[in-house]
Amino acid sequence: MDMKRTRNILAVAVFLLVVLIGVPWLIEATGRLDLYYTLTSVALLSIASAGVWVTFYIGRINIGQGAFALMGGYVSAILVVQYGVSFWLTLPLAGLFCAAASVLIGLPILRLRGVYFAMVTLVLTEVARLLALALPITNGAKGMVSIPLPGGISIFGLTILPDFATLANPRPAFYLVSVVMMVLCFAALYRLVHSRIGKLCQSLQQNEELASSIGVNIAYLRVIAYAISSFLGGIGGAMFVAISQSIYPSSFTVTDSVNFMLNCFLGGLGHVFGPMIGTFVLYFGWDFLFETGEFQLLIFSSVLIALMLFLPNGLLSLRLFGKKQG
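Note that the structure is predicted; figures quoted are calculated from it, not measured.

Caption draft 1: The arrangement of unusual backbone geometry in detail. Positive phi values are uncommon outside glycine, yet Ser-146 reaches one of about 55 degrees. Relative to the helices and strands, Ser-146 is located in the loop between α5 (114-134) and β1 (153-155). Despite not being glycine, Gln-245 shows a phi value in the positive range, around 60 degrees. In this structure, Gln-245 sits in the loop between α9 (218-244) and α10 (254-267). What makes Gln-245 partly exposed here is its relative accessible area of 29%.

Caption draft 2: A look at empty space enclosed by the protein. This model, assessed by the stated rule, comprises three cavities of 30 Å³ or more. Computed from the structure, the largest cavity encloses a volume of approximately 90 Å³. Lining the largest cavity are 13 residues, and of these Val-54, Tyr-57, Leu-192, Cys-201 and Ala-225 lie nearest its centre. For the lining of the largest cavity, the secondary-structure elements that each account for two or more residues are α2 (34-57), α6 (171-193), α7 (196-206) and α9. Put simply, the second largest cavity is a space of about 40 Å³.

Caption draft 3: Geometry of a nonpolar patch on the surface. Together, Leu-17, Leu-20, Ile-21, Leu-176, Val-180 and Leu-184 give the surface a local cluster of nonpolar side chains, amounting to about 520 Å² of exposed area. When contributions to the nonpolar patch are tallied by element, the ones reaching two or more residues are α1 (2-30) and α6. Along the chain, Val-180 turns up in helix α6. Judged by its relative accessible area of 37%, Val-180 is partly exposed.

Caption draft 4: Structural context of the pairing of strand β2 (residues 158-161). In the sheet, β1 pairs with β2 via three bridges, with the strands oriented antiparallel. Its bridge partner being in β2, Ser-154 is matched across the sheet by Thr-159. The turn joining β1 and β2, which pair antiparallel and follow one another in sequence, is formed by two residues; a positive phi near 55 degrees is taken by Phe-156.

Caption draft 5: Representation of the layout of surface pockets. Quantified by volume, the second largest pocket comes out at close to 390 Å³. Taken together, 17 residues line the second largest pocket, and the ones lying closest to its centre are Met-71, Phe-97, Ala-128, Leu-131 and Leu-135. Of all the elements in the fold, those that place two or more residues in the lining of the second largest pocket are α3 (65-83), α4 (87-109) and α5. Examining the composition of the lining of the second largest pocket, we find that seven residues originate from one element, α3, more than from any other. Looking at the lining of the second largest pocket residue by residue, the class counts come to 16 nonpolar, one polar and no charged.

Caption draft 6: Examining the confidence of the model for the protein chain more closely. Summing up the model confidence of the protein chain, the mean pLDDT is 89 and the portion of residues at 70 or higher is 97%. Considering only residues more than four positions removed or in separate chains, one finds that residues 320-326, a stretch of pLDDT under 50, has two contacts.

Caption draft 7: Structural detail: the environment of Tyr-83. Topologically, Tyr-83 is positioned in helix α3. Overall, the relative accessible area of 56% leaves Tyr-83 in the exposed class. On a C-alpha basis, the gap between Tyr-83 and Ala-187 in space is 33 Å, while along the polypeptide they are 104 residues apart.

Caption draft 8: Looking closely at the pattern of salt bridges. On inspection of all chains with the given rule, the structure shows six salt bridges. One salt bridge in this structure joins Glu-208 and Arg-60, with 2.9 Å as the shortest N-O distance. Placement of the pair is Glu-208 in helix α8 (residues 208-213) and Arg-60 in the loop between α2 and α3, with a sequence separation of 148 residues. Neither Glu-208 nor Arg-60 differs from the other in exposure class; each is buried.

Caption draft 9: Geometry of the nonpolar core. With 70 residues, the main nonpolar core has Ile-47, Trp-53, Met-181, Phe-186, Met-239 and Ile-247 as its most contacted residues. Within the residue set of this core, elements represented by two or more residues are α2, α3, α4, α5, α6, α7, α9 and α10. Element by element, the count of residues in this core is highest for α9, at 13 residues.

Calculation rules
- Residues numbered from 1 in each chain as written.
- Predicted model: local features only at pLDDT ≥ 70, side-chain atom pairs only at ≥ 80, totals over all residues.
- Heavy atoms only, no water.
- Helix = DSSP H or I, 4+ residues; strand = E, 2+ residues; numbered from the N terminus.
- Buried < 20%, exposed > 50% of the residue type's maximum accessible area, 1.4 Å probe, protein only.
- 1 Å grid on protein atoms, 1.4 Å probe; cavity = no way out; pocket = protein on both sides within 12 Å on 5 of 7 lines; lining within 4 Å.
- Points joined across faces, edges and corners; volume = space filled by probe spheres on them.
- Patch = residues over 30% accessible without salt bridge, like charges linked within 9 Å, V, L, I, M, F, W, Y side chains within 5 Å.
- Areas by Shrake-Rupley, 256 points an atom, 1.4 Å probe, with all protein chains shown as cover.
- Salt bridge = Lys/Arg side-chain N within 4 Å of Asp/Glu carboxyl O.
- Pairing = 2+ DSSP bridges.
- Nonpolar A, V, L, I, M, F, W, Y, C, P; charged D, E, K, R; others polar.
- pLDDT = per-residue confidence, 0-100.
- Contact = heavy atoms within 4.5 Å.
- Core = buried A, V, L, I, M, F, W, Y, C linked by side-chain atoms within 4.5 Å.

Written out as structure tokens, the structure reads:
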């Protein structure tokens, strides 16, 4: 057990060194500064995908994460632009707003299962888009543009984060903040899954009736899991708005919701870090096939289908096969 814990700590330390020091050094050395935005996007998309994974963990297929990413983005943008609230304060507020909204939405729809729940969540993204078009506070189809960059954070005169507007190139700062957010997100998710609540949530995935018969409050757990899922979608969307400095009703669509779900499938639904791996492979895989032109979608879809057929438990299941053979 001690050996396993040491190995896990070592793996985490190596990962942190790579993403926080190694990757920025390589980017600066090669001059590929565009990769900062690319890798920042991967980090934020993996956070939103992690939220979808949480709902899979309780046995629900969630195709509506785009709705909460859009909602979180607008909450942050409105607070920053119209009320002058610091972005760093709007970040958790956006997540909490989405979590509260998900409780109201989830109470009736979480009773549904399988394809019925999936279809309702799929509609949520379109509903969120139409609301963003219709509400005056969101500025309709014009969207919200020229959103100020995040300001600095200082504690007792010590600068924790600089004012992004004063930086010659804020992309490295956005990258570091997004990666730290991703690490904290998956660390919390790992802790949750291995806690008592996590084990109870897993029981819902296996057999809700049996879990209920032994005294598990399944309605409470479903709502809590959905609220956590929506919170992650909200902060991911809010961070995207800060980077792009704009948001439109089409910023997050049904396609994004489907991709969030695919990230979980591709990485592995049985693995906490599946959404992170799936997002990385899906994002770079699509770009890698760009050179194939009109065959890009055909090849991409064929590869995904093949992976689902031969690796139904996701890419991370390869490690398990290796263990069995060893």
